[in-house]
Number of protein chains: 2
Amino acid sequence: MSAQMQQIVLASRPESAPTENFRLESSPLPQPGEGEVLVKVHYMSLDPYMRGRMDDAKSYAAPVPIGGCMEAGGVGEVLASNSPYFEVGDFAFGMFGWASHGCLPAKELRKLDPKQGPITAALGGLGMPGFTGWHALSAYGRPQAGENLGVSAATGPVGSMVGQLAKKAGLRVVGLAGGADKCKMAVETFGFDACLDHRAYGDARALRKDLKEACPKGIDVYFENVGGKVLEAVLPLMNINGRIPICGMIAWYNAGGLGEGASDQALTGPNIWRNILVKFLSVNGFIISNHFDRYPDFLKEVAPMVAKGELHFAEDIAEGLENAPAAFMSMLTGGNTGKQIVKLV
Amino acid sequence: MSAQMQQIVLASRPESAPTENFRLESSPLPQPGEGEVLVKVHYMSLDPYMRGRMDDAKSYAAPVPIGGCMEAGGVGEVLASNSPYFEVGDFAFGMFGWASHGCLPAKELRKLDPKQGPITAALGGLGMPGFTGWHALSAYGRPQAGENLGVSAATGPVGSMVGQLAKKAGLRVVGLAGGADKCKMAVETFGFDACLDHRAYGDARALRKDLKEACPKGIDVYFENVGGKVLEAVLPLMNINGRIPICGMIAWYNAGGLGEGASDQALTGPNIWRNILVKFLSVNGFIISNHFDRYPDFLKEVAPMVAKGELHFAEDIAEGLENAPAAFMSMLTGGNTGKQIVKLV
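Residues numbered from 1 in each chain as written. Chains lettered and ligands numbered in written order. Predicted model: local features only at pLDDT ≥ 70, side-chain atom pairs only at ≥ 80, totals over all residues.

### Some words on the overall build of chain A
This is how the line gets drawn: The way it works is that DSSP assigns letters per residue, a run of H or I at least four long becomes a helix, a run of E at least two long becomes a strand, and they are numbered from the N terminus. Atoms counted for the radius of gyration: C-alpha only. Globule rule: 2.2 Å times the number of residues to the power 0.38. Each residue is classed by its C-beta neighbour count within 10 Å, where at least 20 other C-beta atoms makes it buried, 12 or fewer makes it exposed, and intermediate counts make it partly exposed; the C-beta atoms are placed from backbone geometry. For the purpose of contact definition, each residue receives a C-beta atom placed from its backbone, and two residues are in contact when these atoms lie within 7 Å.
Assigned secondary structure in chain A consists of nine helices and 15 strands. Against the compact-globule benchmark of 20 Å for 345 residues, chain A has a radius of gyration of 20 Å, which places it among compact chains. With respect to the three principal axes, the spread of C-alpha positions in chain A is 65 × 45 × 35 Å. Within the span of chain A, comprising 345 residues, buried residues form 52% of the whole. Excluding contacts between residues fewer than 6 apart, the proportion of contacts in chain A whose partners are at least 24 apart in sequence is 65%.

### Some remarks on the pairing of strand E4 (residues 74–81) of chain A
Looking down a regular strand, the side chains alternate between one sheet face and the other. Residue and element names in this part refer to chain A. We apply this condition: DSSP-based pairing: two strands are paired if at least 2 bridges between them are found.
Across seven bridges, strand E3 (residues 36–45) lies against E4 in antiparallel orientation. Bridge pairing in E4 places Leu 38 opposite Ala 80. For E4 and strand E5 (residues 91–94), the ladder comprises four bridges, and the chain directions are antiparallel. Bridging from a neighbouring strand, Val 75 pairs with Phe 93 of E5.

### Re the packing of helix H2 (residues 128–141) of chain A against helix H3 (residues 157–168) of chain A
For any two helices packed against each other, the geometry comes down to the angle between their axes and how far apart the axes lie. Residue and element names in this part refer to chain A. We count it as follows: Working convention: axes come from line fits to C-alpha atoms, limited for helices to the stretch in contact. Angles between N-to-C directions cover 0 to 180 degrees. To sort the angles, those under 35 degrees are grouped as roughly parallel, those over 145 as roughly antiparallel, those from 65 to 115 as roughly perpendicular, and the leftovers as oblique. Each crossing gets its handedness from the near helix: less than a right angle anticlockwise from the far helix is left-handed, clockwise is right-handed. Here the nonpolar group is Ala, Val, Leu, Ile, Met, Phe, Trp, Tyr, Cys and Pro; Asp, Glu, Lys and Arg are the charged ones; every other residue, Gly included, is treated as polar.
Orientation of H2 relative to H3, taken along the N-to-C sense of each, is 45°, at an axis distance of 7 Å. Between H2 and H3, the crossing angle belongs to the class labelled oblique. As for the relative orientation of H2 and H3, their crossing is right-handed in sense. Packed against H2, whose contacting residues are Pro 129, Gly 130, Thr 132, Gly 133, Trp 134 and Leu 137, the element H3 presents Pro 157, Val 158, Met 161, Val 162, Leu 165 and Ala 166 at the interface. For the contact of H2 with H3, the class distribution of residues is nine nonpolar, three polar and no charged.

### Concerning the domain arrangement of chain A
All names here are of chain A. Note the threshold: An automatic or database domain assignment is the source of the domain bounds shown.
For chain A, the assigned domains are domain 1 (4–124 + 313–343) and domain 2 (128–288). Each of domain 1 and domain 2 was reduced to a C-alpha centroid, and the two centroids are 28 Å apart. Grouping the amino acids of the side of domain 1 that touches domain 2 by side-chain chemistry returns seven nonpolar, seven polar and three charged.

### Thoughts on the environment of A:Leu176
Residue and element names in this part refer to chain A. Structurally, Leu 176 is set in strand E9 (residues 172–177). Leu 176 sits 43 residues away from Gly 133 along the chain, and the two C-alpha atoms are 15 Å apart. With residues up to four places along the chain from it excluded, the contact list for Leu 176 reads Gly 150, Ser 152, Ala 154, Cys 195, Leu 196, His 198 and Val 230.

### A short note on the sheet that holds strand E13 (residues 282–285) of chain B
With mixed pairing, the twelve strands of this open sheet are ordered in space as E10(A)-E9(A)-E8(A)-E11(A)-E12(A)-E13(A)-E13(B)-E12(B)-E11(B)-E8(B)-E9(B)-E10(B). The sheet terminates laterally at strand E10 (194–197) of chain A together with strand E10 (194–197) of chain B, the two strands that pair on one side only. Taken pair by pair, the neighbouring strands of this sheet meet at an average axis angle of 15°, ignoring direction. Examined bridge by bridge, strand E13 (residues 282–285) of chain A and E13(B) share three bridges and lie antiparallel to one another. In the strand pairing of E13(B), A:Val283 is matched with B:Val283. Relative to E9(A), H3(A) is tilted by about 165°, and along the sheet it contacts strand E8 (148–151), E9 and strand E11 (219–223) of chain A.

### Some points on the nonpolar core
In plain terms, the rule: In these notes, a nonpolar core means any group of buried Ala, Val, Leu, Ile, Met, Phe, Trp, Tyr and Cys residues linked to one another through C-beta atoms within 7 Å.
Of all hydrophobic cores here, the largest spans 192 residues; its most connected members are A:Cys195, A:Val234, A:Val342, B:Cys195, B:Val234 and B:Val342. Here B:Cys195 is in contact with B:Ala154, B:Val174, B:Gly175, B:Leu176, B:Ala177, B:Cys183, B:Ala186 and B:Val187, once residues within four sequence places are set aside.

### With respect to helix H8 (residues 295–307) of chain A
Stated precisely, the cut-off is as follows: A helix is expected to span 1.5 Å for every residue after the first. Note that the bend at a residue is defined as the angle between axes fitted to the seven residues ending at it and the seven residues starting at it.
With 13 residues, H8(A) ought to run about 18 Å at 1.5 Å a step, and its terminal C-alpha atoms sit 17 Å apart, in line with that. Of all bends in H8(A), the biggest is about 30°, found at A:Glu301, and the proline A:Pro304 comes one to four residues later.

### Regarding the confidence of the model for chain A
What counts is decided by this rule: The pLDDT score gives, residue by residue, the confidence of the prediction method on a 0 to 100 scale.
Per-residue pLDDT for chain A averages 89, and the proportion of residues at 70 or more is 93%. Across the assembled chains, the prediction reports ipTM 0.78 with pTM 0.83.

### Remarks on the environment of B:Val37
Residue and element names in this part refer to chain B. Mapped onto the secondary structure, Val 37 falls in strand E3 (residues 36–45). Taking the C-beta count within 10 Å as the criterion, Val 37 has 26 such neighbours and is therefore assigned buried. Residues Val 37 and Leu 277, spaced 240 residues apart in sequence, show a C-alpha to C-alpha distance of 52 Å.

### Description of the environment of B:Glu310
Residue and element names in this part refer to chain B. For Glu 310, the position within the fold is in the loop between helix H8 (295–307) and strand E14 (315–319). Overall, the presence of 11 C-beta atoms within 10 Å leaves Glu 310 in the exposed class. Counting along the chain gives 146 residues from Glu 310 to Gln 164, while the straight-line C-alpha distance between them is 8.8 Å.

### Quick look at helix H3 (residues 157–168) of chain B
Every α-helical turn comprises 3.6 residues, leaving residues that sit three or four positions apart pointing alike. All names here are of chain B. Between its first and last C-alpha, H3 extends 17 Å over twelve residues, near the 16 Å set by a 1.5 Å rise per residue. For H3, the tally of buried residues reaches ten of twelve residues, placing the bulk of the element in the interior. The set of residues buried in H3 consists of Pro 157, Val 158, Gly 159, Ser 160, Met 161, Val 162, Gly 163, Gln 164, Leu 165 and Ala 166. Turning to H3, the residues buried within the fold contact helix H2 (128–141), strand E8 (148–151), strand E9 (172–177), strand E11 (219–223) and strand E15 (339–343). Downstream of H3 by one or two residues, Gly 170 has phi in the positive range, about 90°.

### Comments concerning unusual backbone geometry
The backbone of A:Arg142 sits at a positive phi, close to 45°, despite the residue not being glycine. Structurally, the position occupied by A:Arg142 is in the loop between H2 and E8. Here A:Arg142 falls in the partly exposed class, since 14 other C-beta atoms lie within 10 Å of it. For B:Asn241, which is not glycine, the phi torsion reads 65° and is therefore positive.

Given below as structure tokens:
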């Protein structure tokens, strides 16, 4: 029997929150073709955007087909190479999917140096999530010293990057996170000025009241990762000329289509639009994959901070490919603390 | 008895749509102090923003106090001058309010040359409304030839400027207006490709269906003047990377506060935010008075087009200061066609 690889495929589309929509499959280990590299995945990334790929609703990316391998970035070790750019034993990042192995063209891989730090950083702080936070803050958030910044999912890989960069830029940073432990981490590990546990509040109004005390001068930049109650609490506290980069709506990902059926969680339409109008807000939706031209700038600025220990990242590591669906579903309701990764070997 | 002037003051704050909230008063004609100029107003401007000044809700400008003169820009003739920059008989633009006369420092006036065209242009196409359209289109709309632009209040002084400039830039322009006559004017006078009468539709869904036929390639730039049903119809038709400058919400101005009580007219919250997110929309609230540093650029670019007859403006002129409240209330429900002006002499 030939060597085998495992992958997790999309078995069916979820009605709301994903449950039994995944299936573990085995298949023969592929051999690299011309210019290709075979990688054994050590760690794969789990990110909220993957929930969107499970629906066939119109969005910025094509859905995963039924029976297709779930998408994911991963880091691993080269087992075989048909490319002059990679040798057996090298480490690389690539979009290997929810899979034990991946076989990709060398040009789609990025070589990693394990001596420069943990290879998992390529999935978090120095990878797509960290880059997302850096890009959104600099391009849309435009932080000014002395301003106040709010950030949701404060201990996540995007939120913790945004908050730490904002602190370095001289802003006051208030996080929002789900649970007392995360709030403690936001303050003690990431150095935020305060962090509120949105789970401790029954509704947006109650959360807004305490948030107003935590942000007595209002909020100039709000980094939106979440949607739902947190966004509803924040919007009326936005200051004139505020900025709201939007890169996620995790609270509404299970709502179906463009959020039908979730209206009770939200500010009504006129309130939203009039807040945008009368406060001169700039609201920008974006996806980081349209902005990878800035990735070298990001690494140039942020990698030295990481090397000097000036930036911190939290990781939450699940064990085994077969446990990826459970870790993913838990992440969608905030069960993780920090960047969710799955260790495969 | 000394010479008198008339003004209309805010008698009380409206509960919803303004009704008997105005009072006509007479007072002695002021004499200009040092550096001041006394102007007899020939035409005054009526604009939707004035509705906001009647509330004491938090907004970008202080409200008109009870008993205070309603705000307005006007153009008129100098009756007396204590400034070397103005002579009797000169024409000037200034914020004289809803009043027959105004006495202002010379530095707050802008001299007009009646030989260069009708002085009412300073209230419309070459004044605040035209400048608003030009600024929003260039700074936030960022039109590209071949794109599709939607504009509400299509025959108004802002909308007609936006649509005509967009046509000159090579865009396809579809207007939205209230009434068949306005739609005809949008196409025949202003040269729009199409214009839909939003009053002919019972709800946003029906309007959206026809709008989708009028915009088969979707909408890249939507210029928001109105809010309400029109906005609700447009949002789902926005294309990826669309832009929505917002400078007005007239449909919701009577809704009270930040629009409470008007939720049935609106897309629910999740739909709004997820549209912004998944289409990478840029939404910008703004008020033109924060951007007057661009006014010289506007005049440099647009005044020659007006002089050559390349741009058209519609005016709707009411007669007599005492009729300003009725004209204003009619304008708030779209009773006017083109820039609403009141002729005082």
